[in-house]
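Notes for the structure review
Listed here are the chains, written in short residue letters.
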Amino acid sequence: LVLKEIIMQKITPFLWFDNNGEEAVNFYTSVFENSQIVNVSRYSESAAKATGMPAGSAFIVSFRLEGQNFTAMNAGPHFKLNESISLFTYCESDEKIERIYNKLCGAGKVLFPLDKYDWSPRYAWVVDKFGLSWQLDVEKINNQQKILPALLFVNDKVLKVKEAANYYCSVFPDSKIIMEYPYDKSVGLPDGALLFAQFRLANHLFNAMSGQGEHKFDFNEAFSFVVDCKDQKEIDYYWNKFTSEGGQESMCGWLKDKYGVSWQIVPKVLIEMLGDKNPLKAQKAMQAMFQMKKIIIKDLEKAYNN
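Note that this is a predicted model, so its numbers are computed, not measured. (Residues numbered from 1 in each chain as written. Predicted model: local features only at pLDDT ≥ 70, side-chain atom pairs only at ≥ 80, totals over all residues. Heavy atoms only, no water.)

**Quick look at the packing of helix H7 (residues 279–290) against helix H8 (residues 297–305)**
Note the cut-off: All axes are obtained by fitting lines to C-alpha atoms, using only the stretch in contact for helices, and the reported angles, taken between N-to-C directions, cover 0 to 180 degrees. Helix and strand definitions follow DSSP, with helices as H or I runs of at least four residues and strands as E runs of at least two, each counted in order from the N terminus. For a crossing to be left-handed, the near helix must be turned anticlockwise from the far one by less than a right angle; the clockwise case is right-handed. When checking whether two residues touch, look at their non-hydrogen atoms; a contact exists if any pair is within 4.5 Å. Note on residue categories: nonpolar means Ala, Val, Leu, Ile, Met, Phe, Trp, Tyr, Cys or Pro, charged means Asp, Glu, Lys or Arg, and polar means any other residue, Gly included.
Taken N-terminus to C-terminus, the directions of H7 and H8 make an angle of 145°; their axes are 8 Å apart at the nearest point. Both H7 and H8 take part in a crossing whose hand is right-handed. Here Lys-281, Lys-284, Ala-285, Ala-288 and Met-289 of H7 come into contact with H8, specifically with Leu-300, Ala-303, Tyr-304 and Asn-305. Split by residue class, the contact of H7 with H8 holds six nonpolar, one polar and two charged.

Structure representation (structure tokens):
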């Protein structure tokens with residue numbers, strides 16, 4: 001594996017694909033302005049044997065849409081994208097929303113056709129041909145970030161939008177709730193139940209929504225969020241904060257929070273190790289990572305340097 005240096009946000013959306021991640025990223029960067037592929041790392045012979053993926057195929061694809069960083073990974077059919085997390089895109093003009101809508105609809109499916117709704121003069125919700133869900137809104141947003149992850153709380157979590165927004169703001173420093181939109185009282189839900197919320201986590205905007213009715217999907221590992229950590233202290237903070245408050249540990253720096261949303265708590269030094277020009281050293285770092293739940297930097301360094 002060869003990973004070039006990647007300029008990371010504090011929180012970066014991370015998409016899991018089976019074997020079409022590179023194709024998906026090529027498509028997305030053709031749809032959105034100010035977009036580019038930053039780096040593609042590929043499965044080496046040894047990594048291919050360890051994972052069952054084809055040697056030379058794309059492993060990690062780093063890319064930017066509307067100037068924001070995203071990451072895609074090809075890692076097999078274990079998890080599938082669904083509507084629980086979508087990318088809410090503020091298009092800001094009729095021409096732009098029509099162009100993006102028409103491109104995303106190709107070979108995909110339309111959940112809400114482009115039209116006027118109570119909440120927006122022009123809005124649409126589509127699932128593209130790769131399974132990624134997009135909400136498009138013509139309205140402007142007073143921020144450079146035009147594409148926001150949108151969390152949809154369904155079934156037994158449907159009333160937890162406000163609770164979750166407050167919780168995430170308590171985890172990340174420099175965070176705040178920007179907007180709350182409650183249900184109309186006529187719906188008969190408890191006072192304060194939110195239909196929609198927008199909040200900022202470490203300078204990254206998120207939307208959260210409540211989905212009434214029965215839904216056959218929920219949060220899973222196909223859409224996760226990478227938290228870029230500068231040192232072990234920061235890794236420990238986020239790992240302990242999430243897992244000690246109802247979350248669940250997984251492997252290789254992955255965890256689920258108490259709502260089932262997946263996060264990757266990753267140190268910058270790991271990216272540097274995996275990108276070492278010496279493939280043996282990079283492989284040692286990767287093998288050490290595979291043995292870990294929470295990432296321990298000193299153990300990575302020990303394996304990397306031996």
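**Re the nonpolar core**
Across soluble globular proteins, nonpolar side chains show a tendency to be buried alongside one another. As a reminder of what qualifies: We call a set of buried Ala, Val, Leu, Ile, Met, Phe, Trp, Tyr and Cys residues a nonpolar core when their side-chain atoms join them within 4.5 Å. The rule is simple: take the accessible area with a 1.4 Å probe, protein chains only, and divide by the maximum for that residue type; under 20% is buried, over 50% is exposed, in between is partly exposed.
Counting residues in hydrophobic clusters, the biggest one holds 90 residues, and the most contacted among them are Trp-134, Tyr-168, Trp-263 and Ile-265. At seven residues, helix H4 (residues 161–171) tops the list of elements feeding residues into this core.

**Quick look at the environment of Ile-297**
Residue position: Ile-297 is located in helix H8. Overall, the relative accessible area of 11% leaves Ile-297 in the buried class. Here the alpha-carbon distance between Ile-297 and Ile-235, two residues 62 residues apart in the chain, equals 9.2 Å. Setting aside anything within four residues of it in sequence, one finds Ile-297 in contact with Asp-231, Gln-232, Ile-235, Pro-267 and Val-269.

**Focus: a nonpolar patch on the surface**
Basically, it comes down to this: By definition, no residue in a patch forms a salt bridge, and every one has over 30% relative accessible area; like charges are joined within 9 Å, nonpolar side chains (Val, Leu, Ile, Met, Phe, Trp, Tyr) within 5 Å. Every accessible area reported is derived by Shrake-Rupley at a probe size of 1.4 Å, with residue values counting cover from the shown protein chains alone. Salt bridges, as used here, are contacts in which a Lys or Arg side-chain nitrogen is within 4 Å of a carboxyl oxygen on Asp or Glu.
On the surface, a nonpolar cluster with roughly 270 Å² of combined accessible area is contributed by Leu-111, Phe-112 and Trp-119. With respect to the secondary-structure elements, Phe-112 resides in strand E6 (residues 109–117). Residue Phe-112 is classed as partly exposed on the basis of its relative accessible area of 31%.

**Describing the side chain of Asp-257**
Threshold: We score Asp and Glu as negative and Lys and Arg as positive, and we do not count His or the chain ends. Pairs of N or O atoms are called polar contacts if they sit within 3.5 Å, as long as, within protein, a hydrogen donor faces a hydrogen acceptor (for residues adjacent in sequence, only side-chain-to-side-chain pairs).
Counting through the fold element by element, Asp-257 comes out in the loop between strand E15 (254–256) and strand E16 (262–267). Look at Asp-257: it is buried, it has no salt bridge, and the nearest opposite charge is Lys-157 at 7.1 Å. Separated by 2.9 Å, the side chains of Asp-257 and Trp-263 make a polar contact. Those residues in contact with Asp-257 that lie beyond four places of it in its chain are Tyr-168, Phe-242, Gly-246, Gly-247 and Trp-263.

**Quick look at the sheet that holds strand E14 (residues 248–249)**
What counts is decided by this rule: DSSP bridges decide pairing: two strands pair if at least two such bridges lie between them.
Pairing is mixed across the open sheet formed by eight strands, whose spatial order is E2-E3-E4-E1-E13-E16-E15-E14. Two strands bound the open sheet, and with one partner strand each, they are strand E2 (36–42) and E14. As judged from the three bridges shared by E15 and E16, these two strands associate in the antiparallel manner. Residue pairing for E16: Lys-256 is matched across the bridge by Ser-262.

**Some words on the pairing of strand E7 (residues 120–127)**
Most of E7 sits inside the fold, with six of its eight residues counted as buried. Bridge count for E6 against E7 is five bridges, and the pairing is antiparallel. Directly across from Val-110, in E7, lies its bridge partner Val-126. If you look at the hairpin formed by E6 and E7, you'll find two residues sitting between the two strands. Where E7 lies against strand E8 (residues 133–137), five bridges are found, and the strand directions are antiparallel. Paired with Tyr-123 across the two strands is Asp-137, which belongs to E8.

Geometry only, nothing functional implied.
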